[in-house]
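Chain and residue survey
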Amino acid sequence: MTQSSERASSDYAHLDPVLVELAETPVGDPRRTELRDRLVTEFLPVAQHIARRFGQRGEPHDDLVQVATVGLISAIDRFDPTRGSDFLSFAVPTIMGEVRRHFRDTSWSVRVPRRLKELHLAITGATNELSQHLGRAPTPSELATHLGISKDEVYEGLEASNAYRSSSLDELLVGTDKSVSLGDALGDDDPELMGVENREALQPLLQQLPERERTIILLRFFGNLTQTQIADRIGISQMHVSRLLARTLVDLRKGLLSE
Amino acid sequence: MEVRIAASPAHLSVVRAVAADLAMRADFTLDAISDLKMAVDEACSELISRSVPDGELVCRFAVESDQIHFSAESRTGSTQPPSRESFGWRVLTALTDAVNTWVVPGPDGAHVLRFDLLKKRADDVVGL
């Protein structure tokens, strides 16, 4: 990786002025689109390279390239040349973060029949739609009515979602991802935490959590938001919030016990 | 319905699964199903960590019209219930509609720690 990124840095050196120009061009200026398109096209091999590294994990290659490209675009949009850092050292973790999230959002940890996968997808989609409409999470019978399937099928689909998500990949890449930025979703210090007696033990554990997990924990237990409200706020599905929350709670409990 | 298991973390998933299945079939909202599951997990973990060696964890579920009442108990060495200032307690109060814990005298001079949880079918969401 070091070797290839060194080579890559020099390959892309001619784009540094373009990055500076993009950053200096005000939003709304038509020139921006042009610069951005050029950067995306020229840096595309970086995204493709990262997508290839994540191949062999059962996700279609085209999907990975697409997800990596989304990561590239957001890196280009957020890169600030005045910070003095090199674009690739900012872009690579951003793109990897995007691909990693894709896996976390779309992978199954055990083999699940295709029919159940589709059922799970349909339920996730219907849950999002109904939540918008109802202002709260739907019930299984509401999902069944909405999808025109039996309640038993909904139960089956919900149970199948327990097998969803590949955790090994998450573990593999924890720490390399600096791209998740939810800091604006919540302040650094949470005054609510003051009331908790084991906050001396809890605080460092919370600090160690990935930002998204920490935000979810704080919003749920200290902000009293429902899972559906949190899902809406940070742009992931309710089931995903549910999984992250359950898993993070187990980790926190282990951490507190070992104090 | 009642579930009796050895007070060991290895069996937690059974109680969790029962909780989720009952809530699902009682047509709880997806949020409430997930909340109940986590609350049951939290209460049982607390009981297991305070249980006497080789203790037994007794869990009871009562599905009522619009809510599920869960209670669990195990023998413990201490007369003190878990603190209400702890993070675990904060988690339980956030996840349930009512929660209580206390220690009662058990047989042969033992102490029994008990948790009582109540979870309603749907959250009272502000604005509804």
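In the block above lies the structure referred to throughout.
Attention in this report is confined to the structure presented alongside it. (Residues numbered from 1 in each chain as written. Chains lettered and ligands numbered in written order. Predicted model: local features only at pLDDT ≥ 70, side-chain atom pairs only at ≥ 80, totals over all residues. Heavy atoms only, no water.)

**Considering the side chain of B:Thr29**
Note the threshold: Here a strand is any run of E in DSSP of at least two residues, a helix any run of H or I of at least four, and the numbering for each starts at the N terminus. A contact between two residues is defined here by any heavy atoms of the two lying within 4.5 Å.
Along the polypeptide, B:Thr29 turns up in the loop between α1 (12–25) and α2 (30–50). Excluding its chain neighbours within four sequence positions, the residues that come into contact with B:Thr29 are A:Arg136, A:Ala137, A:Pro138, A:Thr139, B:Arg121, B:Ala122 and B:Asp123.

**A word on the pattern of salt bridges**
Rule in force here: A side-chain nitrogen of Lys or Arg and a carboxyl oxygen of Asp or Glu constitute a salt bridge if their distance falls within 4 Å. To sort residues, take the accessible area from a 1.4 Å probe on protein chains only and compare it with the maximum for the residue type: under 20% means buried, over 50% means exposed, and anything in between is partly exposed.
In total, this model carries 23 salt bridges over all chains according to the counting rule given. In this structure, A:Arg38 and A:Glu42 form a salt bridge, with 3.2 Å as the shortest nitrogen-oxygen distance. Of this pair, A:Arg38 and A:Glu42 both sit in helix α3 (residues 30–53), four residues apart, roughly one helical turn. Take A:Arg38: its relative accessible area is 38%, and that puts it in the partly exposed class. Residues B:Glu56 and B:Arg4 are paired through a salt bridge, measuring 2.9 Å at the closest nitrogen-oxygen approach. In this pair, B:Glu56 sits in strand β2 (residues 56–63) while B:Arg4 sits in strand β1 (residues 2–6), placing the two residues 52 residues apart along the sequence.

**Brief notes about the pairing of strand β4 (residues 98–105) of chain B**
All names here are of chain B. Inclusion rule: In short, DSSP must find at least two bridges between two strands for them to pair.
Where β4 meets strand β5 (residues 111–120), eight bridges bridge the pair, whose relative direction is antiparallel. Among the inter-strand pairings, Ala98 is bridged to a residue of β5, identified as Leu118. Counted along the chain from β4 to the antiparallel partner β5, the turn is five residues long, and its residue Asp108 has a positive phi close to 55°.

**Focus: the sheet that holds β1(B)**
Strand pairing within a sheet occurs via backbone hydrogen bonds; the two strands may be parallel or antiparallel. All names here are of chain B. Here is the rule: Each axis is a line fitted through C-alpha atoms, and for a helix only the stretch in contact is used; angles between axes span 0 to 180 degrees, taken between their N-to-C directions.
On the basis of which strands lie adjacent, the open sheet formed by five strands has the order β1-β2-β3-β5-β4 and antiparallel pairing. Looking at strand neighbours, the two that pair on one side only are β1 and β4, the edges of this open sheet. Here the average twist between neighbouring strands, direction ignored, is 15°. Those strands touched by α2 are β2, β3 (67–76) and β5, and its axis lies near 175° from that of β5. In this fold helix α3 (residues 87–95) packs onto β4 and β5, with an angle of close to 130° to the strand it touches most, β4.

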